[in-house]
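Overview (structure and organization)
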Amino acid sequence: PRFLIKKGKITNARSVLVKIETGDLAGKIDEIQSSMDSKKENLFSGRYFKPISIAFLVAMFNQFSGINAILYYAPRIFELTGLSTTDSLFQPVLIGITNGIFTILGLVIIDRVGRKKLLMTGSIGMAICLGLVARAFFAQSFGGYELLIILVGYIIFFAFSTGAVIWVLISEVFPNTVRGQGQSLGSSTHWFFAVVITFLFPVVAEEFKFGVGYAFTFFSIMMIVQVFVVWRYFPETKGKTLEQLGEELSGSDRQVFD
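Fair warning: this is a prediction, and the values are worked out from it, not measured in the lab.

All right, on to the overall build of the protein then. Counting its secondary structure elements, the protein contains 13 helices and zero strands. Reading the protein from its N terminus to its C terminus gives the helix and strand order α-α-α-α-α-α-α-α-α-α-α-α-α. For the protein, the spread of C-alpha atoms along the principal axes amounts to about 65 × 35 × 25 Å. By residue count, 48% of the 258 residues in the protein fall in the buried class.

Summed over the entire model, instances satisfying the criterion amount to six salt bridges. Among the salt bridges present, the one from glutamate 31 reaches lysine 28, with a minimum N-O distance of 3.7 Å. One end of the pair, glutamate 31, and the other, lysine 28, are both in helix α3 (residues 25-36), three residues apart, so they sit about a helical turn from each other. In this structure glutamate 31 comes out as partly exposed when scored by relative accessible area, which is 33%. Of the charged contacts in the structure, one is a salt bridge between glutamate 172 and arginine 115, with a shortest N-O distance of 2.5 Å.

This part takes up the nonpolar core. Among the nonpolar cores identified, the biggest contains 60 residues, and Leu130, Leu151, Tyr154, Leu169, Phe216, Phe219 and Phe234 are the most heavily contacted of them. Mapped onto this core, the elements with two or more residues apiece are α4 (49-64), α5 (67-79), α6 (85-113), α7 (115-139), α8 (146-160), α9 (162-172), α10 (179-207) and α11 (211-233). Element by element, the count of residues in this core is highest for α7, at ten residues. Excluding its chain neighbours within four sequence positions, the residues that come into contact with leucine 169 are Ile54, Val58, Arg115, Leu119, Phe234 and Thr237. Counting seven residues, the second largest nonpolar core, distinct from the first, contains Leu4, Ala13, Leu17 and Ile32.

Axes are the key here: two packed helices are described by the angle between their axes and the distance separating the axes. Packing of α7 against α9 leaves a shortest axis separation of 10 Å and a crossing angle of 145 degrees. The way α7 lies across α9 gives a crossing that is left-handed. Contact with α7, carried on its side by Arg115, Leu118, Leu119 and Met126, involves Thr162, Val165, Val168, Leu169 and Glu172 of α9 and no other residues of that element. Considered class by class, the residues forming the contact of α7 with α9 number six nonpolar, one polar and two charged.

Before going further, it helps to spend a moment on the packing of aromatic side chains. Counting across every chain of the model gives 14 aromatic pairs. A ring pair is formed by phenylalanine 201 and phenylalanine 216, whose centres lie 6.2 Å apart and whose planes are at 85 degrees; its orientation type is edge-to-face. Taken together, the residues phenylalanine 201 in helix α10 and phenylalanine 216 in helix α11 connect sequence positions 15 residues apart. The burial state of phenylalanine 201 is the same as that of phenylalanine 216; both residues are buried. Exposure remark for phenylalanine 216: the relative accessible area of 0% places this residue in the buried category. Following the ring pairs from residue to residue traces out a cluster consisting of Phe56, Phe64, Tyr73, Phe137, Phe192, Phe193, Phe201, Phe216, Phe218 and Phe219. In this arrangement the basic side chain of lysine 50 is found over the ring face of tyrosine 233, its NZ or CZ atom lying 5.1 Å from the centre.

Procedures and definitions
- Residues numbered from 1 in each chain as written.
- Predicted model: local features only at pLDDT ≥ 70, side-chain atom pairs only at ≥ 80, totals over all residues.
- Heavy atoms only, no water.
- Helix = DSSP H or I, 4+ residues; strand = E, 2+ residues; numbered from the N terminus.
- Buried < 20%, exposed > 50% of the residue type's maximum accessible area, 1.4 Å probe, protein only.
- Salt bridge = Lys/Arg side-chain N within 4 Å of Asp/Glu carboxyl O.
- Core = buried A, V, L, I, M, F, W, Y, C linked by side-chain atoms within 4.5 Å.
- Contact = heavy atoms within 4.5 Å.
- Axes fitted to C-alpha atoms, helices over the stretch in contact; angles between N-to-C directions.
- Left-handed = near helix turned anticlockwise from the far one by under 90°.
- Nonpolar A, V, L, I, M, F, W, Y, C, P; charged D, E, K, R; others polar.
- Phe/Tyr/Trp six-rings, centres within 6.5 Å; stacked < 30°, edge-to-face > 60°.
- Lys NZ or Arg CZ within 6 Å of the ring centre and 35° of its normal.

See below:
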């Protein structure tokens, strides 16, 4: 509806709002139009410090969870545990299937549970699983399917939390006037750190005796840090309109640094 209102197609926007909103639709349209009519500002003007920092942090922590190191290099990780090439190529398939199933679960429950609770719960679970993987590599103990079970557990916690929340949260924290710029910034941050992790992980894994253990220890610590950052700094956006969030997070210079 915001896109339609921006293009002046008020009737079409109203037909959409009837399906997704309740209450005073005329007032809702006026609220959206008012936010669209706001003076255009540069994303980095200073007013948007808090939404920028939230988008940056959620994207950074998404990659510091080690997700792409695991997804990209899962066959090599399993090979380092002594598995055959065939088994090392098959087990990532289970990880991928799990990722798909629990990402859908995240989409189903995100509006019921809330963004912060999902992020914090998932981060705690990921920190534990990543720590167990690190311990296994330091001890060189890979009994049976233990590592696969731990990594599947990690993927479960990732998929319904930061895997699902990141794109929702980045789209919500920016006001209408700079939402496109803000989402571009969040996506760029996400893929920048994806490149960093993708290039550094194999170097660390191959060059150091316990390189994989060091890498997973780092990922585990980052998830512990994320719990506290989300708890203390991130807003809960569940149940709030984009206009309400835009006003709360960017409504005044004072609120930006609260």
